[in-house]
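# Summary of structural features
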Amino acid sequence: MTPPVVVDGERLLWRLDELARLTATPGEGVTREAWSRVDVEARDRVAGWMRDAGLHPIVDPAANLIGRSPGVVGRWFASGSHLDTVVHGGHLDGAYGVVAALEAASALHDAGHTMDHGLLVAAFANEEGARGTAGMTGSYACVGGVSDAALDEVDDEGVTVRDRIAGAGGDPGRIAEARWDPADIDAFVELHIEQGPVLADAEVGIGVVTGITGRQALDLRIAGAANHAGTTPMRLRRDALAAAAEIVLAVEAMPADGAVRVATCGFVDAVPNVRNVVPGLVHLGVEVRDESAAALDAAVARLDALLTEVAARRGVGIDRTWGQRVPPRDVAPAVADGVRRAAAVRGLAHLDLPSGAGHDAQVLADALPMGMIFVPSTSGVSHAPGEHTEPADLVSGAQVLVDTLLDLDARLGRAGLGVAS
Ligand code: HGY
Ligand code: MN
Ligand code: MN
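Keep in mind the model is a prediction, meaning the values are calculated, not measured.

### Some details on the coordination of the manganese ion (ligand 3)
Each protein donor to the manganese ion (ligand 3) is listed here as His-82 (NE2), Asp-93 (OD) and His-192 (NE2); together their distances run 2.0 to 2.2 Å. Of note, the donors binding the manganese ion (ligand 3) are all from one chain and are spaced H-x10-D-x98-H. Residue classification places Asp-93 among the buried residues on the basis of a relative accessible area of 5%.

This is the structure in structure tokens:
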């Protein structure tokens, strides 16, 4: 009889602790910006664990780490997430999904269980958008979605994405070869912490994700006039920071009337940033998120009108660069059903919910049936050092991941799920 496939909770938690040590800001959360030394170190560490789990790891031309089970001639399931983090982020956003996918491979390997499907474990590069770049670089490469213009993007430190990828062991000139053939892969299942309060408030351990929110980024350059803060009369000022402040508050107010679900100005840089100078120049980073593409379109029009009005009234110039649009995506119902069955078999309470955060899975949804599993985030904290999930929930989530893959494998055999809408 085939032994049951059971994840090793201690190994999972130990690997997460090991990765948490790989940070550029010890003691101040995890800072593992994409393509940095610690990010590549984490990738190398995971590659070693992939070998231990019987996978064959490679770094693809997009600098993704891809580990495949050997000897597979048929179709595949893929699972994984990202190892990069925001600055002063937590130790679970991304890393958990990679380590849990690896744990699924390790558990299958330990049990000597061979699925009809091969297992591909992925650690995607630059999910978060390091140093001001567009995010999801690695997963976009897997669907053939990284253009030359995207490779030519220059980050906050003046380095192109192309050079960053090359410096991290990728080969940007061959990025087209990172594309996965959707005909080979039946489903992508990503396990992630919720990063919000819904599961913790409901005291439910497993979230069945129904869809993933979309996001529109916007970069503003607000040009006023620097001048003496003591002598320049208020009526003659063109204060770029005061204009930015007005924009920040207007953006914050957008969700109040239902325009979008959330809206944030998370980046501000004022020049010269000196107390006794009227600010002459501000860079402002804006993003809006919603589950509806139409709502994002309407938000773009509304922001455009707002910026035109503020610029005219305050006598400042506002250059706008519409940045990355990651579209909202629904999950494949067949994958969500697999997650529900897997949770039920283990006697774990589960809840349907949308994802408020963006994920590599929504990019892959353009080519593959995709689903996601969430575990609770204590107090809903994420993208901050206080990110935490109870160890028992982390272990249960990994078990549900491998059980979901086994469930889909048993149901599908070699028949596909069909591409998600
Ligand atoms: O910001 C996001 O939602 C994602 O974690 N990059
Ligand atoms: Mn994140
Ligand atoms: Mn993430």
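### Points about the site of ligand 1
Ligand 1 sits among Glu-127, Glu-128, Arg-215, Arg-289, Ala-357, Gly-358 and His-383. Within the side chain of Glu-128, one N or O atom sits 2.9 Å away from a nitrogen atom of ligand 1. Here an oxygen atom of ligand 1 sits 2.7 Å away from a polar atom, N or O, in the side chain of Arg-289. Within the complex, 96% of the 210 Å² of free accessible area of ligand 1 lies under protein. Class assignment of the residues belonging to the shell around ligand 1 gives a composition of one nonpolar, two polar and four charged.

### Describing the nonpolar core
One finds Leu-19, Val-46, Tyr-96, Leu-119, Trp-180 and Phe-188 to be the most contacted residues of the largest nonpolar core, which totals 100 residues. Of the residues forming this core, the biggest block, 12 residues, is contributed by helix H3 (residues 95-111). Sequence-distant contacts of Val-46, defined by excluding residues within four places in its chain, comprise Leu-19, Leu-65, Leu-83, Val-98 and Leu-102.

### Thoughts on the coordination of the manganese ion (ligand 2)
Listed as protein donors to the manganese ion (ligand 2) are Asp-93 (OD), Glu-128 (OE) and His-383 (NE2); their distances from the metal cover 2.0 to 2.1 Å. Here the manganese ion (ligand 3) and the manganese ion (ligand 2) are spaced 3.6 Å from one another, each receiving a donor from Asp-93. Taken as a pair, Asp-93 in the loop between strand S3 (76-82) and H3 and Glu-128 in the loop between strand S4 (118-124) and helix H4 (137-142) lie far apart in primary sequence, 35 residues in all.

### Looking at the domain arrangement of the chain
Quite often, the size of an interface is put as the accessible area lost when its parts meet. Each assigned domain of the chain is listed with its residue range as follows: domain 1 (9-213 + 328-412) and domain 2 (214-326). Relative to domain 2, the C-alpha centre of domain 1 lies at a distance of 33 Å. Facing the 13 residues of domain 1 at the interface are 12 residues of domain 2. Across the domain 1 to domain 2 interface the summed buried area is about 890 Å²; carbon plus sulfur atoms make up 50%. Considering only the side of domain 1, the residues that lose the most area to domain 2 are Tyr-140, Thr-213 and Pro-328, jointly responsible for 51% of the buried surface there. Where domain 1 touches domain 2, the interface holds zero salt bridges. The interface formed by domain 1 and domain 2 contains five residue pairs in polar contact (both at pLDDT 80 or more). Its residues assigned to classes, the side of domain 1 that touches domain 2 shows seven nonpolar, six polar and no charged.

The rules behind the values
Residues numbered from 1 in each chain as written. Chains lettered and ligands numbered in written order. Predicted model: local features only at pLDDT ≥ 70, side-chain atom pairs only at ≥ 80, totals over all residues. Heavy atoms only, no water. Donors = N, O, S within 2.8 Å, 3.2 Å for Na, K, Ca; no water. Buried < 20%, exposed > 50% of the residue type's maximum accessible area, 1.4 Å probe, protein only. Near = heavy atom within 4 Å. Polar contact = N/O pair within 3.5 Å; in protein donor to acceptor, adjacent residues only side chain to side chain. Areas by Shrake-Rupley, 256 points an atom, 1.4 Å probe, with all protein chains shown as cover. Nonpolar A, V, L, I, M, F, W, Y, C, P; charged D, E, K, R; others polar. Core = buried A, V, L, I, M, F, W, Y, C linked by side-chain atoms within 4.5 Å. Helix = DSSP H or I, 4+ residues; strand = E, 2+ residues; numbered from the N terminus. Contact = heavy atoms within 4.5 Å. Domains from an automatic or database assignment. Buried area = accessible area lost by both parts, 1.4 Å probe. Salt bridge = Lys/Arg side-chain N within 4 Å of Asp/Glu carboxyl O.

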